[in-house]
Amino acid sequence: MVQENAQSAVQDVEFSDIPELREEDDQINREWVDQLVDLIATDDSAEVKTFMAPLHAADVGDVLEVLSSSDRMGLITLLGDEFDYSALTEVDDGIRLELMDELPNADIARGVQELDSDDAVYILEDIEGSDQAEILAQLPTFERLALRRSLDFPDETAGRRMQTDFIAIPPFWTIGQTIDYMRDADDLPDDFYQIYVVDPSYNLLGTLALDRMLRAKRPDSIEAIMNNNVIDVAAEEDQEEAARLFERYDLVELAVVDDSNRMVGVLTIDDIVDVIQEEAGEDIKRLAGVGDEEISDNVWDALRSRVTWLMVNLVTAVLASLVIAQFDATISQMVALAVLMPIVASMGGNAGTQAMTVTVRALSTKELDRFNIRRLITREVLVGALNGVIFALIIGVVATVWFSSPLLGGVIGVAMVINMFAAGVSGILIPIALDRLNIDPAVASTAFVTTVTDVVGFFAFLWLAGLAFGLL
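The rules we used
- Numbering of residues begins from 1 in every chain and follows the order in which that chain's sequence is written.
- pLDDT decides what is reported in this predicted model: residues at 70 or higher carry local features, side-chain atom pairs at 80 or more are listed and counted, and totals for whole chains, interfaces and linings draw on all residues regardless.
- Side-chain descriptors were evaluated using all non-hydrogen atoms of the structure, hydrogens and water having been removed beforehand.
- In predicted models, pLDDT denotes the confidence assigned by the predictor to each residue on a 0 to 100 scale.
- Per the convention used, a helix needs a DSSP run of H or I reaching at least four residues, while a strand needs a run of E reaching at least two, with both numbered from the N terminus.
- When checking whether two residues touch, look at their non-hydrogen atoms; a contact exists if any pair is within 4.5 Å.
- For each residue, the accessible area found with a 1.4 Å probe, counting protein chains only, is set against the maximum for its type, and the residue is called buried under 20%, exposed over 50%, and partly exposed in between.
- Pairing of N or O atoms within 3.5 Å defines a polar contact, subject to two protein rules: one partner must be a possible hydrogen donor and the other a possible acceptor, and residues neighboring in sequence count only if both atoms are side-chain atoms.
- Note on geometry: axes are C-alpha line fits, over the in-contact stretch for helices, and angles between N-to-C directions span 0 to 180 degrees.
- Oblique is the label for any angle not covered by the other classes, which are roughly parallel (under 35 degrees), roughly antiparallel (over 145) and roughly perpendicular (65 to 115).
- Residues are said to line a cavity or pocket when one of their atoms sits within 4 Å of a point; the points come from a 1 Å grid over protein atoms alone, cavities being sets where a 1.4 Å probe fits but cannot get out and pockets being open sets with protein on both sides within 12 Å along at least five of seven lines.
- Grid points are joined across faces, edges and corners, and a volume is the space filled by probe spheres set on the points.

**Quick word on the confidence of the model for the protein chain**
- When the pLDDT values of the protein chain are averaged, the result is 87; 93% of them are 70 or greater.
- The element-level mean pLDDT for the protein chain is lowest in helix α1 (residues 2-11), coming to 43, with strand β4 (residues 232-234) highest at 96.
- Note that residues 1-16 has pLDDT below 50 and, in this model, 16 contacts with residues that lie over four places away or in other chains.

What follows is the structure in structure tokens.
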């Protein structure tokens, strides 16, 4: 009965009346999704294929993310051979893994065979060993060996991200020979921006950009016009380092070489944009202590990614509480201290987080080196001290008026200066120290900086108040 109702609803829908996939704010149109869900319910493959035909693979990935689990599989099944598996590179890891578990290995093998090698590796790398081996075994020999080679490189390296399809030619060819070769070849990459000049052992000798090749004459020698100033990256190099090369030299494509300097693949700008977003996202999430959590994760996965650093924060909060406990008699005699002391710690924590964020970002982008580290430390210390003076004056006046006590206003002002200074110092020195100890500063800095600002803030305020009012 449900299916009959869905079929009836779909019959009333003319494809000319289909709403746009995206609304003005770039969000997926709910009405469009509802029509797709109705089509899936009819189990009509032809109608679903027609409905989905105009979409780019990236849009298909967004659609998969908004559908329910059952509708995702229903959509992929109905699309059949027309489902573009590159859409799976556009979805959250959790959704991709869920789909990989449900799809038959034969379908995955067929799908990845049509993809560029970098996209195929991205899909295959998260599949369990036995299933991965079964999928690879169903691929043609050349594709299988190329994918195995990429999968043998460590995670998040240039070798994992590279595309193994590229155009390599000898230096003694002419422009005319190169053009004729590309016209006749059946296995050229779908997209490429330059040609690589190699010797018989595939050692990289130079590069030739397409624009330069098109401006040359057919008799011109490749060796005479190629770019000898080669920029490449080792296959074992971290993908973040490769991204820096793209940024530094304004590249759109970069050769990847093995430890024998033989060319094994290329990195392209579309992959590096993904790397930059991925690395930036990781840093942001690590600063907040949420691990590798994705939007699609369930409650248990989200809980597991957050609980570790919440436990660390609990320990640091206990340390701050122990400091407060040393002044319990002082606080009991002057309730105003309990009202004001969170302000000192909170302002210090925020100031420390600002300095820490700037430092962690500079470390991750390699902008912080021995030439500018002293200048940055000096700047952050001075900024912390000056912020302390500014807000000391503000909170000092507020406390004086609020509690009719100029002395209390002076105490909280001095405590504010001390804690803001400590925030600036800890916000830059703690990430640098962790980096020197080969500990990721994005992961560990927050807990340590917060501990310093809480402990220093509470201690400075309560100790100074005890001295000023004779409560110690």
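**Describing the side chain of Thr89**
- Within the secondary structure, Thr89 is located in the loop between α5 (69-79) and α6 (93-102).
- With a relative accessible area of 16%, Thr89 lands in the buried category.
- A distance of 2.6 Å separates a polar atom in the side chain of Thr89 from the backbone oxygen of Ser86.
- For Thr89, the residues in contact, after removing those within four places along its chain, are Asp119, Tyr122 and Ile123.

**Describing the packing of helix α9 (residues 129-137) against helix α10 (residues 141-152)**
- Running from N to C, α9 and α10 cross one another at 150 degrees; their axes reach a closest spacing of 9 Å. By the angle class used here, α9 and α10 are roughly antiparallel. Between α9 and α10, the contacting residues are Gln132, Ala133, Leu136 and Ala137 on the first element and Arg144, Leu147, Arg148 and Leu151 on the second.

**Focus on empty space enclosed by the protein**
- All chains considered together, the criterion is met by 1 cavity of 30 Å³ or more.
- What the largest cavity holds in volume is close to 40 Å³.
- Around the largest cavity, the lining residues are Gln163, Asp165, Phe166, Ile167, Pro189, Asp191, Phe192, Gln194, Tyr196, Glu253, Val266 and Thr268.
- Among the secondary structure elements, those contributing two or more residues to the lining of the largest cavity are β2 (194-198) and β6 (263-268).

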